[in-house]
Amino acid sequence: MSLPELESVLDWAAAEGWNPGLQDAASFYAADPDGFLLGTLEGQAVASIFAVRYGAGFGFIGGYIVRPEFRGKGLGMAIWQAGMAHLAGRNVGLDGVLAQQANYARSGFKLAHRNVRYEGRGSNMPQHDWVLPLGPQHIAELLDYDRAFFPGDRTQFMRRWLQQDGSVTLGVHDGGVLKGYGVLRPCRAGFKIGPLCTESPAVADELMHALRGRVPLDEPVFLDVPEPNAAAVALAARHGMQVCFETARMYTGADPGLPLERQFGITTFELG
């Protein structure tokens, strides 16, 4: 895909109810410009898959869509095979919806854990003085901190993600050391928080209060939580959020053993 084609495919994703961010396309494309595949039929775009390479050994599948009027014709399998071929030789992850998990298992994917999307509302609670906006001068520090939370090198993606128009990145330092950060970005409907990664549940709670405080009271806000992190599930409940969606994180190879106890919000289901 070209970048404009990716922007059109994210419109398809919005029609499927996936609610992408308003500025996601450029960040996605920066991750691996060759990893966004478009299936055409008689010159018409009919199917998509994201098969994004990270570093030398990891890949992630997302954006797997066949337009409704073209389903049942084998087009999904054709583009699936092309996407997997692009990631050959890598440990490949995905976030699979319930209806597709058996199909992914037949392609060699194994369940690692559930991810759960929670929906809440904005808040007018003020943030504490020690929760501060992070800007371009903090990019190197944030990239270094983020490395623990992803199986491959996603520097190019995160560099763009942290500077999306309309987004805000907040962090907490202690003694000059970063103890956690979160990103809030505007989406087709409301806002999403992700990533939200911290050294403790207390820091995650402070960041949640501050990030929700940037969302109007009548607007929805979403947080995608790795279910094994019981403190993250409890965090969502404390903030009055309700389950609205879930996926299964699956890998073709070994579970990379991410520090889920410090991961309170996943960056994006589409790219991991």
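Attention here is on the structure that accompanies the text. What you see is a predicted model; the values in this text were computed from it and never measured. (Residues numbered from 1 in each chain as written. Predicted model: local features only at pLDDT ≥ 70, side-chain atom pairs only at ≥ 80, totals over all residues. Heavy atoms only, no water.)

1. A word on the pattern of salt bridges
Phase 1: This structure, assessed with the given rule, holds 15 salt bridges.
Phase 2: For Arg71, the salt bridge is made with Glu16, and the minimal N-O distance between the two is 2.7 Å. Here the residue Arg71 occupies a position in the loop between β3 (58-66) and α3 (75-86), and Glu16 occupies one in the loop between α1 (3-15) and α2 (24-31), the gap between them amounting to 55 residues.
Phase 3: What makes Glu16 partly exposed here is its relative accessible area of 33%.
Phase 4: Between Asp24 and Arg185 there is a salt bridge, with its nearest N and O atoms 2.8 Å apart. Of this pair, Asp24 sits in helix α2 while Arg185 sits in strand β8 (residues 177-186), placing them 161 residues apart in sequence.
Phase 5: Through salt bridges with shared partners, a single ionic network connects Asp32, Asp34 and Arg53. (Salt bridge = Lys/Arg side-chain N within 4 Å of Asp/Glu carboxyl O. Helix = DSSP H or I, 4+ residues; strand = E, 2+ residues; numbered from the N terminus. Buried < 20%, exposed > 50% of the residue type's maximum accessible area, 1.4 Å probe, protein only.)

2. Considering the nonpolar core
Note on soluble globular proteins: their nonpolar side chains tend to be buried together.
Phase 1: Ranked by size, the top nonpolar core spans 35 residues in total, and within it Phe28, Phe50 and Leu271 carry the most contacts.
Phase 2: Listed by contribution, the elements that provide at least two residues to this core are α1, α2, β2 (44-54), β3, α5 (139-146), α6 (155-161) and β8.
Phase 3: When residues in this core are grouped by element, the largest group, 5 residues, is from α1. (Core = buried A, V, L, I, M, F, W, Y, C linked by side-chain atoms within 4.5 Å.)

3. Description of the side chain of Glu206
Phase 1: By secondary structure assignment, the location of Glu206 is in helix α7 (residues 201-212).
Phase 2: Despite its burial, Glu206 pairs with no opposite charge, the nearest such side chain being Arg238 at 9.8 Å.
Phase 3: Non-local contacts of Glu206, meaning those with residues more than four positions away in its chain, are made with His128, Trp130 and Val131. (Lys, Arg positive; Asp, Glu negative; His and termini not counted. Contact = heavy atoms within 4.5 Å.)

4. With respect to the environment of Ala232
Phase 1: Mapped onto the secondary structure, Ala232 falls in helix α8 (residues 230-238).
Phase 2: Spatially, the C-alpha atom of Ala232 lies 36 Å from that of Pro4, the residues being 228 residues apart in sequence.

5. Quick notes on unusual backbone geometry
Phase 1: That bond from Gly194 to Pro195 is cis: its omega, 0 degrees, falls within 30 degrees of zero.
Phase 2: Mapped onto the secondary structure, Pro195 falls in strand β9 (residues 191-198).
Phase 3: Of note, Asn19 is a non-glycine position whose phi angle comes to about 55 degrees, a positive value.
Phase 4: Residue placement: Asn19 occurs in the loop between α1 and α2.
Phase 5: You will see that Glu42, though not glycine, has its phi angle at about 55 degrees, which is positive.
Phase 6: The exposure class of Glu42 is exposed, given its relative accessible area of 83%.

6. What about the pairing of β9?
Taken residue by residue, a regular strand's side chains alternate between the two faces of the sheet.
Phase 1: Burial of β9 is extensive: 8 of the 8 residues sit out of reach of the surface.
Phase 2: Of the pairings in the sheet, the one linking β8 to β9 comprises 6 bridges and is antiparallel in character. Within β9, the residue paired with Leu184 across the bridge is Ile193.
Phase 3: Here β8 hands over to β9 after 4 residues, with Gly190 in that stretch at a positive phi of 70 degrees.
Phase 4: Inspection of the sheet shows β9 paired to strand β10 (residues 220-226) by 3 bridges, in the parallel sense. Note that in β10 the partner of Lys192 across the bridge is Phe222.
Phase 5: At this point the chain moves from β9, through α7, to the parallel β10, and the crossover so formed is right-handed.
Phase 6: Relative to strand β12 (residues 263-265), β9 runs antiparallel, the two sharing 2 bridges. Bridge pairing in β12 links Cys197 to Gln263. (Pairing = 2+ DSSP bridges. Right-handed = clockwise from strand over helix to strand, strands pointing away.)

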